[in-house]
Every structure is written in C-alpha cells, then in structure tokens.
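Structure at a glance
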Amino acid sequence: MGFVMLELDQANALGALFARAGYSRVEPAVLQPVDVFLDLSGEDIRRHMFVTQDAAGRELCLRPDYTIPVSRDYLASSEAGSRASFSYLGPVFRLRAGTSGEFPQAGVEAFGRADAEAADAEIMALALEALASLGITHPVIRMGDVGLLTALLDKLDLAPPVRRRVLRAVVQGRLEAVLNGEDGNGRNGQDHAGLLAAIEGQDPQAARAFVEDVMAIAGVTSVGGRSAGEIAERFLARASSRHARIDDEIRDLLTRYLAISGDPDAAIGQIRGLMHDAGLDLDAALDQCEARTGFMAARGLDVGSFVFAADFARNLDYYTGLIFEAHDPGRPETKPIVGGGRYDGLLSHLGAKEPIPAVGFAIWLDRLSASPRPITAGDRT
C-alpha cells in the first residue's frame, strides 16, 4: 500500500475521527536521538533502525515509531504536565527484508489523564472505531496487564536481579527456561563466566572500575549507545544474579498465573482465586482491571469476545498497565494491525519532573493489505 493511496482512501477519515474524539494532529521530527529508543526498547531495535549522525557526531535515527517522538514534543511544549491528546498519521522507518523500510502509521496518545481506567477504555474504543472505518469490524482482540504482573512480583519479594530476569523472560516467552537456570537472555550462565567470576562479590566501585579498565584495554568506549560505565553496571547485575534461584513454590505460582487466559471477567476471577489460595493480596490491581472492563462495557464494547492472557506481554521497559493488540479476524495468526497500552513511566524516563500518566495506540496501516506473515519470536511492535 503506497502512502499516496493511504492519503486518498484513509487519512481524511482517520483524521476526522481522531479530531472528533478530541485528538489534535501533530507531526514530530523524522530524525530522533538513537539512545532514547535503545534505552526503552533494548539493543535489539538497533538492527531495525536507519541510523545516521549529525555534524557533532551524535547518533540519530529515522523515527521507528511515533510514541516516543510525540512524547518528547509534548514534554518540550507549554502543555507538559497537563492533560493533552494528540493524533498522528505519517511514515515510520524500520529495516525489514524485502521492503523499502518506510511504513504508514496512524494513532493517538493521551497524556495527563488521572482517570486511568476510563482513559484505557476510551483508547480501546477509539482503536476499534478506527479499525471499523478501515473495514475491520470484528478484530480479534488480545489484551493483558503489565501492572498485574509487576504487582505479583512485588508481592513475591524477589531479589531485584531475579525480578528483572523474570520480567524479561515473560516478554520473550522464555519463562520456563529462566526458571530452569537461564538468565533471561538465552544464556545458561556460562557466557563471560570468567569476567563474572572475577567481579562477583567485589566492592561495587572496585568491580565497576575493573570492567571499565578491561574495556579500555580493548579500546572499547561504548557499545550500542551504552557507555563503559553503563556496561559495567550490567555486568555487575549479572554477576549478582548468577546464583540466585527461584524456589519451587514461586515457580509453581508463576507458572499457574501465566497459564490463565479467557475473557477479561473470567480471567480476572481466576487470578483472584489463585491469589487467594496463595495468600497474596492483589485486590487493588485486580479492582482496577475490573473497573476498566466495566468502562469498556459501558462504551458498548463486546468485552466477552476479548481474550485476556496473563502471559501476554509487550516491551516491559515501556508499558506499565493495559496492553492490547488487534488482529485481522481472517488472519489472526499474522502480525497485529493495532498495538497499544498504558505507559505511565515513559515520560519520567524522558525527563518529566513528575510522573505523567499516558496511554495510546498505533495502527500499522501497511498490514491492512499485506500478505499473511506469521508472528516471529519477539515481533510484537
């Protein structure tokens, strides 16, 4: 689907829909700093980005999505910290085999709304209305809640390195391997074993200096946008977690939790039962989920047709609450047409002095006419 055809057939309808819903059209800069995307999406995204440099040698990229650029512009505006709603429609750029790397994307971002559950429901309803305007009237909806998972891990009182490993493993769909001793990156603990053994148990300042010295000897000042000091911190975290174990009771609880799936009401009911049996109080987080479902139903959404999966996860450095995807009902096994959710931590990461709630979605318009393409591991954005 060419962008010209998109403008003729779809842009006006989407723009009018978003405007009626109160979302102002914006167009952030195409060139964006690389490090922001690496920090939030991980080093893996680098191989999907078009990277260049400015005159001062700073790394820039063609925007791989809109959410971060829109968020940066919002924080730089006079509206920062207040309630604001924006829409966008234009090209994003990602390296993909057999394509030009330029893709049309539309979506919305809502900032500063304290009524989180109502805002989540509004975003979901608007996403479905946008899809209906594009001819997708009964999409397959899959949803989850990162806040529930993080609340559970908080109650389990896991050591910080173990907690990070578990979160990363859920995103990658590799929890079983991590519970069996891998570190969350597909390693069994033997990679860089000599270096890790050398710094394990050392004073953190001395261990950091040791790693930085090793990198300096090798002539390495940065890797993937991370400084020697930042890489040293990562090695320290790995060293501290090498022998951390997850006991059998917690392993069983996590496995049972992540196996829960069904319509939102049924799934939340199952999670309540599991937490009650385990003696864990997740009532506040579960109440929020039920309130959100109520707001969705009040908007006329067929929530009984949605699938809430406890193991559904997108980038957990990015999302903090509701997450959802919409698929073409004729090709539910292919990549999602819509992806979105709540990302309350993003704006603080980008420099906001106070937390600012945020939620939104993006539509991959090229996928409306693309030939079927199965989802691959880690391919969820």
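A quick note: this is a predicted structure, and the numbers were derived from the prediction, not measured.

Definitions and cut-offs
Residues numbered from 1 in each chain as written. Predicted model: local features only at pLDDT ≥ 70, side-chain atom pairs only at ≥ 80, totals over all residues. Heavy atoms only, no water. Helix = DSSP H or I, 4+ residues; strand = E, 2+ residues; numbered from the N terminus. Buried < 20%, exposed > 50% of the residue type's maximum accessible area, 1.4 Å probe, protein only. Contact = heavy atoms within 4.5 Å. Areas by Shrake-Rupley, 256 points an atom, 1.4 Å probe, with all protein chains shown as cover. Expected span 1.5 Å × (residues − 1). Phe/Tyr/Trp six-rings, centres within 6.5 Å; stacked < 30°, edge-to-face > 60°. Pairing = 2+ DSSP bridges. Axes fitted to C-alpha atoms, helices over the stretch in contact; angles between N-to-C directions. Core = buried A, V, L, I, M, F, W, Y, C linked by side-chain atoms within 4.5 Å. Parallel < 35°, antiparallel > 145°, perpendicular 65-115°, else oblique. Left-handed = near helix turned anticlockwise from the far one by under 90°. Nonpolar A, V, L, I, M, F, W, Y, C, P; charged D, E, K, R; others polar.

Looking only at helices and strands, the protein chain features 14 helices and 14 strands. Counting the 381 residues in the protein chain, one finds 47% classified as buried. Here the contacts in the protein chain between residues at least 6 apart in sequence split such that 70% fall between residues at least 24 apart. Total accessible area computed for the protein chain in this model is approximately 17500 Å², and 51% of it derives from carbon and sulfur atoms.

This part is about helix α6 (residues 160–172). The terminal C-alpha atoms of α6, which comprises 13 residues, lie 19 Å apart, in line with the 18 Å expected from a rise of 1.5 Å per residue. Every buried residue of α6 is listed here: P161, V162, R165, V166, L167, A169 and V170. Following α6 by one or two positions, G173 adopts a phi angle in the positive range, close to 70°.

A complete count under the given rule lists six aromatic pairs for this structure. Taking the centre distance of 4.2 Å and the plane angle of 15° together, the rings of Y66 and Y88 count as stacked. Here Y66, found in the loop between β4 (59–62) and α3 (67–75), pairs with Y88, found in strand β5 (residues 84–93); they are 22 residues apart in sequence, far enough to count as distant. Assigned by exposure class, Y66 and Y88 land together as buried. Ring geometry for Y74 against F111: centres 4.4 Å apart, planes inclined by 15°, an arrangement best described as stacked.

With respect to the element layout, A297 can be found in helix α13 (residues 283–298). Taking the C-alpha atoms as reference points, A297 and A121, 176 residues apart in sequence, are found 8.6 Å from one another.

With that settled, consider the sheet that holds strand β12 (residues 322–327). Read from one edge of the open sheet, nine strands run β1-β5-β6-β14-β13-β12-β7-β11-β10, paired in mixed fashion. The sheet is open, and its two borders are formed by β1 (24–25) and β10 (261–262), each paired with just one other strand. Across seven bridges, the pairing between strand β6 (residues 102–111) and strand β14 (residues 358–364) is antiparallel. Bridged to Q105 within β14 is W364. Sheet contacts for helix α4 (residues 116–133): β6, β7 (140–145), β12, β13 (338–342) and β14; angle to β14, the most-contacted strand, approximately 15°.

The next subject is the pairing of β12. Here β12 lies mainly inside the structure; six of its six residues are buried. Burial along β12 is two-sided: the residues L322, F324 and A326 and I323, E325 and H327 are all buried. Sheet topology note: the β7/β12 ladder contains six bridges and is antiparallel. Looking at the pairing, I141 lines up with A326 of β12. Pairing geometry for β12 and β13, over four bridges, is antiparallel. Among the inter-strand pairings, I323 is bridged to a residue of β13, identified as G341.

What follows covers the nonpolar core. In this structure, F18, Y257 and F361 are the most contacted members of the largest nonpolar core, which totals 70 residues. If one sorts the elements of this core by residue count, α4 sits on top with 10 residues. Ranked by size, the runner-up nonpolar core spans 32 residues in total, among them M49, V70, V146 and L346.

Turning to the packing of helix α5 (residues 146–156) against α6, a few remarks are in order. It is at 11 Å that the axes of α5 and α6 come closest, and there the two elements cross at 150°. With respect to each other, α5 and α6 are oriented roughly antiparallel. In this structure, the crossing between α5 and α6 has a hand that is right-handed. Two secondary-structure elements touch here, α5 through L149, T150, L153 and D154 and α6 through R163, V166, L167 and V170. Residue classes in the contact of α5 with α6 are distributed as five nonpolar, one polar and two charged.

Here the focus is the environment of G135. With respect to the element layout, G135 can be found in the loop between α4 and β7. Between the C-alpha atoms of G135 and L368, which are 233 residues apart in sequence, the distance is 9.1 Å.

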